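As a plain string of letters, each chain reads:
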Amino acid sequence: MAKVSTKIFPFLWYAKGAEEAAKFYASIFPDSRVDRVTPMWSESPSGPPGSVKVVDFTLFGQRFQAMTAGPHHEFNDAISIVVLCDDQEELDRYWDQLLEGGGEPQACGWLTDRYALRWQIVPARLEEMMADTDRARSKRATDAMMTMVKLDIAALEKAYRG
């Protein structure tokens, strides 16, 4: 029996376009690729043989799996993919690329891509600011974040410092 290399990973159900979504994401992030597309050759409630496809892909070295299997449940804010960014240039790049082709900005660094998946594009430093034991600094950073759509690292830092 083959040993499993990844014991836990996200699985995403798309009504349509899982393969296209995986290719789109892999084109944005480094160390990313579509690894395999496997049609299911059995009849299923989601469609005839070959219409349901399982897509294995890697983003930033992390395994993901997705399936195109018709409408079931829509993506919503209960689950999102977080991308921690080192600087504003990186944050802006991922933000802009994920919005291409019909994505929608939300609030507080969240966006919905053209496949309806939710993303949080945030500065890595924000976790530190929000977890600061100085409640006033933490609150200032959080309050600033709550007023933003795309996050502005310089403005968050300024608010944090007071």
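A quick note: this is a predicted structure, and the numbers were derived from the prediction, not measured. (Residues numbered from 1 in each chain as written. Predicted model: local features only at pLDDT ≥ 70, side-chain atom pairs only at ≥ 80, totals over all residues. Heavy atoms only, no water.)

*Asks:* I would appreciate a short explanation of the overall build of the chain in the present structure.
*Replies:* Within the chain, the regular secondary structure consists of five helices and eight strands. For the chain, the sequential pattern of α-helices and β-strands runs β-α-β-β-β-β-α-β-β-β-α-α-α. With respect to the three principal axes, the spread of C-alpha positions in the chain is 60 × 35 × 25 Å. Burial status across the chain gives 41% buried among its 162 residues. Within the chain, contacts between residues at least 6 apart in sequence are counted, and of these 58% link residues at least 24 apart. For the chain, the accessible area works out to roughly 9500 Å², and carbon and sulfur atoms hold 54% of it. Measuring between centres, the 19 positive side-chain charges of the chain sit 4 Å from its 24 negative side-chain charges. (Helix = DSSP H or I, 4+ residues; strand = E, 2+ residues; numbered from the N terminus. Buried < 20%, exposed > 50% of the residue type's maximum accessible area, 1.4 Å probe, protein only. Contact = heavy atoms within 4.5 Å. Areas by Shrake-Rupley, 256 points an atom, 1.4 Å probe, with all protein chains shown as cover. Lys, Arg positive; Asp, Glu negative; His and termini not counted. Charge placed at Lys NZ, Arg CZ, Asp CG, Glu CD.)

*Asks:* Sorry, what's going on with the sheet that holds strand β2 (residues 33-39) here?
*Replies:* To summarise the sheet geometry, strands pair through backbone hydrogen bonds and adopt either a parallel or an antiparallel arrangement. Reading across the sheet, the four strands line up as β1-β4-β3-β2 and stay open at both edges, with mixed pairing between neighbours. Each of the sheet's edge strands pairs with one partner strand only, and the pair in question is β1 (11-14) and β2. Recorded for the sheet is a direction-independent mean angle of 20° between the axes of neighbouring strands. Strands in contact with helix α1 (residues 18-28) are β1, β2, β3 (53-59) and β4 (62-68); relative to β3, the strand with the most contacts, it is inclined by about 10°. (Pairing = 2+ DSSP bridges. Axes fitted to C-alpha atoms, helices over the stretch in contact; angles between N-to-C directions.)

*Asks:* Where do I start with unusual backbone geometry in this structure?
*Replies:* For residues besides glycine, phi is generally negative; the peptide bonds are generally trans as well. Non-glycine residue C108 carries a positive phi angle of around 55°. You can see C108 is positioned in the loop between β6 (104-105) and β7 (110-112). Although it is not a glycine, A116 sits at a positive phi angle of roughly 75°. By the element assignment, A116 lies in the loop between β7 and β8 (118-123).

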